[in-house]
Structures are given as C-alpha cells and as structure tokens.
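# Close look at the chain arrangement
Chain by chain, the residues:
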Amino acid sequence: MSNTTYAIAKDNDGKNILKFLLGELKPKGKIFTPFNIISIPIMLLGLVLIVIRFWKGIGSITNLTQDVPWGLWIGFDVVTGVAFAGGAYVITFMVYILNMKKYHSIVRITVLNGFLAYVFYAGALLLDLGRPWNVVNPIIGNSFGTSSVLFLVAWHFLLYMIAQLIEFSPAIAEWLGARRAHKILSGMTLAAVIFGITLSTLHQSGLGAMYLMAKEKIHPLWYSEFIPVMFFVSSIFAGLSLVIFEGSISNKVFSDQISDKNHKAHHGIVISFAKVCAVTMFAYFFLQLLVFVHGQHWDLLNTTMGYWYLTEMLGFVLFPMLLFFYSYRINNILLVKIAAIITMLGIIINRLNVTIIGFRWDAATHYYPSWMEIVVTLAVIFTEIWIFRWIINRMPVLRESPTWAKNQK
Amino acid sequence: MSINRRSFFKFLSLTGITLAVGKESVAQSDKGQEVDFLSILYDSTHCVGCQSCEFACAEAHGLPEPVGAPEAGKIRKLDETNRSVINCYNTSKGEIYVKQQCMHCNEPACSSACLTNAMHKTKEGPVIWRGNKCMGCRYCMVSCPFDIPKFEFHSANPKIQKCNMCFDRLEERKIPACVENCPAEALVFGTRRELIKEARKRIVENPDTYVDQIYGEDEAGGTGILYLSSVPFNELGFRTNLQKTSYPELSKGFLYSVPTIFVLWPALLLGIHEATKNNHVKEDENE
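So, here's what we can say about the structure. (Residues numbered from 1 in each chain as written. Chains lettered and ligands numbered in written order. Predicted model: local features only at pLDDT ≥ 70, side-chain atom pairs only at ≥ 80, totals over all residues. Heavy atoms only, no water.)

Before going further, it helps to examine the overall build of chain B. Scanning chain B for helices and strands turns up eight helices and nine strands. The buried share of chain B, taken over its 287 residues, is 50%. The contacts of chain B with a sequence gap of at least 6 include a subset with a gap of at least 24, amounting to 58%. Accessible surface computed for chain B: about 14,000 Å², of which carbon and sulfur atoms make up 54%. (Helix = DSSP H or I, 4+ residues; strand = E, 2+ residues; numbered from the N terminus. Buried < 20%, exposed > 50% of the residue type's maximum accessible area, 1.4 Å probe, protein only. Contact = heavy atoms within 4.5 Å. Areas by Shrake-Rupley, 256 points an atom, 1.4 Å probe, with all protein chains shown as cover.)

Structure below.
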C-alpha cells in the first residue's frame, strides 16, 4: 500500500499533481473498523450540535452560566489539550537543540501531533466564541489589547502553528516529491524550532497566567501567583506522557510503516522518557509543595476540596513519579506506559481543577458539562485522529524518508 | 568601582524599561490618580428601594422592564436583561436597600483582560463595551472581581451587557439615567475626587449614621462607584475579601517577563545548539 504511494510520489515532478492529490484523497484500508463505527456517528452528531450552537446561541447546547462563563470547551479542549501538545517543543528541544539524535525517529510524528492538536483545540475555541466573526480583531484590525494575557496567547497560538507547520513541512514536500521546496524548508527547521520553543514557553505558562486575575474565584489550594510556572513545568511531562501513550498505539496501528531499526529503538526511547518525566515531575512536585507551604493553607486540607487536592498531588503526581523512577530502574516498558496514563489523568485533573472544578467552587450552583458539550469535544478529538491517520498513511511521518530526501543534505 | 556599579544598574534599568515599553505596554493610560474620573456616589441610607433607577436604566438601554421587587432574604441577580438591580438585606440595623451595577474600576480587570480592546476604560471614567470589537470570548467575565459583565448565552449574535454609566447620555451632556430619576437623592453624580470629599464630609458630620468606610475608595484599586452604608459592608452582600490594589497588577509580572524571554530564549537555545552540535557527528545525519 505504501509502496504505491512512493511510486506516484517519485515520478511526480510537478505534473499531474491534481490527479495525484485526488488519488490521495481516497480512503486507504478498511472502512468498517471499530474505530470508524464509533467515531463516525459521534462526528455527525457533533456537526449537528455545532449547527444548533451557531443558530440558537452557545447556551442552547452548553451548561454555561453567568457565574461560570468558561466550561469544558476551554478547560479541557484548550487548556488541557495544549498541555498535552507540549511534547512537540520538548522533543524538538532534545533533538535539535541538545542534538540528541536518538529521538530523531519520533520528531515528525510528535510535531504532527502537536500541530494538529493546536489546529483542532485552538480551532475548537471558535465554537466557544460568541462573536467569532470578530476573531481577526486582535490579529489585524487595529484592536490590539496588548495588556491582555489572552492577546499574547492568541498570537502565540497562531505563530506557533506556523512554526510547527514549517517544522513538519519537509514531510509534505517529500510526499509531493517537491525536491527544491524540500531543501528550502529543511533549512528553515532550526529557526522554526528555536522560535517554537520560545513561543511554547510563553504560551504554556500564559494559559495559566490567564487565570491570575481570577484571584478570589479559584480555590486557594490551586490559586497562586505561580500558576504560570506550574503550567509550564507540568506541560513538559504532560507532553512526554502523551508521546509515550500515542507512541505505543501508533506502534501497533501503523506497525507496517515503521522500520525494524526504529521499532527496536522505541524501547530505549520510552525508557529514557520515563527518566525525563520522573525528574521534571519531581521538580513540579517540589514546586507545588513550596507553594503550598508558603500559601499557609494547612486548615483547608481537612475539607472536601483539601482531600481532592491531596488526591491530585499524591495519587496523580507523586505516585506516577515514583512509578516512572521505578520502571526506569527495572527497565520495564509496560510500567512506563501505566505511569504515563496516570500522569495524563493527573494533568486532566489539574487543569480542570484550576479552570472548572476549583473555579467558583463556592458558588451555589456548580457547572457540569452537558452531554452535548462532551459530544462536541469528542467529535473534535475524533476528527483530529482521522486527519492524523490520513496524513500518516500518506506522508513519510513514521516510515523512512525517500532516498532523494536523505541524499539532499 | 562604584561608578561602574552604578552605571551597570543604570544600564540594567534602562534595558528593562525599553523592553517593557517596547513590546507589551501594559501600563496604559489607566492611572486613576492623575485624572479625575466621572463617578457616582450611592448613599444606601437614603435609598428607599423604589426601583426608579432600575426602570430608568431599562428604558435608557432598551432592555425589558425589570421583574420582581427587592425583598429581604431574596437576592435578585444581575443578568443579561438588567444592568442595574436593587436588593434588600436584613441587617443589624433593619432592612437596607443596595443598588448593584458595574463598579467602573479605575484600573478595570475586564478591560485589561480584553484582547480586542472591546471593554474600554474611557478617559472620562466609564467602562464601556464596544460590540464591533468584541469576539465574545468572555475573558472579561472570568476576570471581573465583581462578576459584572453578563453574556447573552441564548443569542446567535450575543452581546455583553453591563452598565456603561450611560456613556451615550454623558456625551450629550446629560447625567446617567439612574441618577436623574432617583427621587430619594441616594445617587449623586460628579467627579471622583469631589464625591470622595462629599462622602467623607457625610461620615464626619454623621458619625452615628455611617460606618467609617467608603466602599470603592480602595477596593480593587479604587472604583468609579462609591458606596456609603450604615452597617458593615459584608452585611450588604459586598465582597469584602477583594484586594486593595488593582487586578491588572496581578498579571503584570507575567507580561513584563515576556519581552525578556523573547530576547533571552532564542540566544540561549542557539548557544546550546552550537555547543552540542558536534557531539554526535558519527550518527546518521538525515534532517
């Protein structure tokens, strides 16, 4: 299957490009897989709900209230989704800045994953905007709210998507057989990486800084002036955990595309990620501890929210951290994967605690997402996976680049 | 030696200022101290809860007529259909009426949160919302310490509803509708400085009537609406846990660090890249 793609790409020198693209649009592989059977109805239902949302207003399908103006679509889709997309800047940092070539085989898939996460989760933001036709105002149109953290985050999302697209573009060039473009685009990689890491540092922390002004609205166990630092540090191991998780799935689903060499290297990669995760989680846990001690909230521990805080810190930070350490010591890849899943759950819990659960925790009525908000969220995630799969089946993301691309350098 | 040190610090602070002003000019014109904003003083000891202000407000802004009447023990909340509301509270001195609306902060959290400048602190004082700029992200609602901006969740073309101190009327040299229609003289319109003076005078002249506090003088860095009361403000449903400095101050530190990181990070990253470049020359070099 992949061999035919090569053949087309190879003798395609600018001619018949339209024909080639049309051919690539056709689905490859079986249509009635369990994933398709589950995802297609949800995506269709999500589409219907989105139409209702633009027709009748945001309140028609969400449970948002005047007290809780941001719900699942911001707290999960955007804030949590972007934390998970942090893997891209961590991996590019290791490969291009620290020159750790051993991780090179997973750069493309991680960058692609990050890029799609930004496109879809930041794109989901449009659904949450009441007046989306004004979305260009902070970009063009002389309405620059430069004192807003959200202004910074919006610009960074946009610029970072461009940087990631440049980082990924050599794969597109290889797919299209565009040799000259490939050379130019490959030359831009280092600049895009440096720019991308800088942007990531600022907007990962910026997502936390957005909540700094909600000082009295967020439960004191989760609010501190260090939210930006916490969000940044936790995005490192959140991103890596997702890379471990996603890697273990891709390795099975797309096993036909991965060379034997990379298959064997994967074990070593995962094990060294376990170490990186453990160390950053230790730093994170220590920071949280310092903030807690300085906040002097000992009395709050013996409340329902206090127990929930302890659950998060001990069960979903300290425990997976120790598990990462242990699995690294005994070189057990299954334990690493389990630790990665617990860490990911912990990140979801943490981001939701700041944005939803701890937000107006003292309000009379609490916010719970409606089933329709959840369906739309799932539809967004499934659409992303569809595009992800479509690209991997066509472009050299997991499989080796064509020989001409390798020889070019 | 000492000259070196001094010039070093001078250089450092100059760089800091250039960086700060260069990229993110956070410290906008919102300095309450120098300009005298237009303000409203609300004296709750005069208010009789007649709702004239509510009806005048609804009429002035084309909103539906207010529903219900103030009743002790029952809170009527602000929402997307009313910008001003009167509530009644059972207090240590009997039933007391309180009006609630936008506080028109000197340095509003909402306007500094707004990424399109739709929420705007006018130089005259009122904080206004401009629909042609707003993209409906509701970050103003998340940031406002008084929970004032309200969003039309059930509209395909939703607006933010909040008191704008009748800015359009002010431009026609008329006073806000609520002040004009108050029969009990509970509302006074003027500049912030003279109203604080007036409020102090009332407190000094009637120490038995008023508690010795003007709510809004320092809360959230000072607000354009000032309140006088005969009982402590927490009995009237006011938020008394708010900080005395402005809310935009909370994210200033982060925003000031942005230009620094933007300058330092790329240099640092490039440096590390160059330093580690030749570590693995033997590895395959596919890009």
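Take the nonpolar core next. Ranked by size, the top nonpolar core spans 181 residues in total, and within it F273(A), F324(A) and Y139(B) carry the most contacts. Sorting elements by how many residues they give to this core places helix α6 (residues 107-128) of chain A first, with 13 residues. Setting aside anything within four residues of it in sequence, one finds F324(A) in contact with S241(A), I244(A), A274(A), C277(A), A278(A), M281(A), V336(A), A339(A), A340(A) and T343(A). By size, the runner-up hydrophobic cluster in this structure holds nine residues, among which are L41(B), L195(B), A199(B) and Y210(B). (Core = buried A, V, L, I, M, F, W, Y, C linked by side-chain atoms within 4.5 Å.)

Turning our attention to the packing of helix α7 (residues 149-176) of chain A against helix α8 (residues 248-276) of chain B. The contact between α7(A) and α8(B) brings their axes to 10 Å, and the two run at 35°. Packed against α7(A), whose contacting residues are V149(A), L152(A) and H156(A), the element α8(B) presents S251(B), F254(B), L255(B), V258(B) and F262(B) at the interface. Counted by class, the contact of α7(A) with α8(B) contains six nonpolar, two polar and no charged residues. (Axes fitted to C-alpha atoms, helices over the stretch in contact; angles between N-to-C directions. Nonpolar A, V, L, I, M, F, W, Y, C, P; charged D, E, K, R; others polar.)

Position of D77(A) relative to the elements: it lies in helix α4 (residues 72-84). For the buried D77(A), no salt bridge exists, and the shortest N-O distance to an oppositely charged side chain is 11 Å, to R138(B). Here D77(A) is in contact with L72(A), V82(A), Y121(A), A124(A) and T377(A), once residues within four sequence places are set aside. (Lys, Arg positive; Asp, Glu negative; His and termini not counted. Salt bridge = Lys/Arg side-chain N within 4 Å of Asp/Glu carboxyl O.)

A few words now on a nonpolar patch on the surface. All names here are of chain A. A cluster of nonpolar side chains, namely V279, F282, F286, L289, L290, V293, W298, L322 and F325, defines an oily patch on the protein surface of about 880 Å² accessible area. When residues of the nonpolar patch are traced back to their parent elements, those giving at least two are α11 (260-295) and α12 (304-330). The biggest single contributor to the nonpolar patch is α11, with six residues. On the secondary structure map, F286 appears in helix α11. (Patch = residues over 30% accessible without salt bridge, like charges linked within 9 Å, V, L, I, M, F, W, Y side chains within 5 Å.)

Taken residue by residue, the interface counts 70 residues in chain A and 66 residues in chain B. Summed over both sides, the interface between chain A and chain B buries roughly 6,000 Å², with carbon and sulfur atoms accounting for 58% of that surface. For the chain A face of the interface with chain B, the top three residues by lost area are Q66(A), R131(A) and M213(A), together amounting to 15%. Across the salt bridge formed by K217(A) and D147(B), the nearest N and O atoms sit 2.9 Å from each other. Along the contact surface separating chain A from chain B lie 37 residue pairs in polar contact (both at pLDDT 80 or more). (Buried area = accessible area lost by both parts, 1.4 Å probe. Polar contact = N/O pair within 3.5 Å; in protein donor to acceptor, adjacent residues only side chain to side chain.)

Residue and element names in this part refer to chain A. Of note, V376 is situated in helix α14 (residues 371-392). For V376, a relative accessible area of 1% puts it in the buried group. C-alpha of V376 to C-alpha of L45: the two residues are 331 residues apart in sequence and 8.0 Å apart in space. Setting aside anything within four residues of it in sequence, one finds V376 in contact with G46, L49, I50, I61, W73 and L127.

The subject of this paragraph is the sheet that holds strand β9 (residues 225-228) of chain B. Residue and element names in this part refer to chain B. The mixed open sheet is built from three strands, whose spatial order is β8-β1-β9. The outermost strands of the open sheet, each flanked by one partner alone, are β8 (187-191) and β9. Here the average twist between neighbouring strands, direction ignored, is 25°. Pairing of strand β1 (residues 38-43) with β8, which is carried by five bridges, proceeds in the antiparallel orientation. Within β8, the residue paired with L38 across the bridge is T191. (Pairing = 2+ DSSP bridges.)

Turning next to the pattern of salt bridges. As enumerated under the stated definition, the model contains 19 salt bridges over all chains in all. Here D362(A) ties to R360(A) by a salt bridge, and the two come within 3.9 Å at their closest N and O atoms. Through salt bridges with shared partners, a single network forms among D67(A), K217(A), R360(A), D362(A), K77(B), D147(B) and R239(B).

Read these as geometric descriptors, not functional statements.
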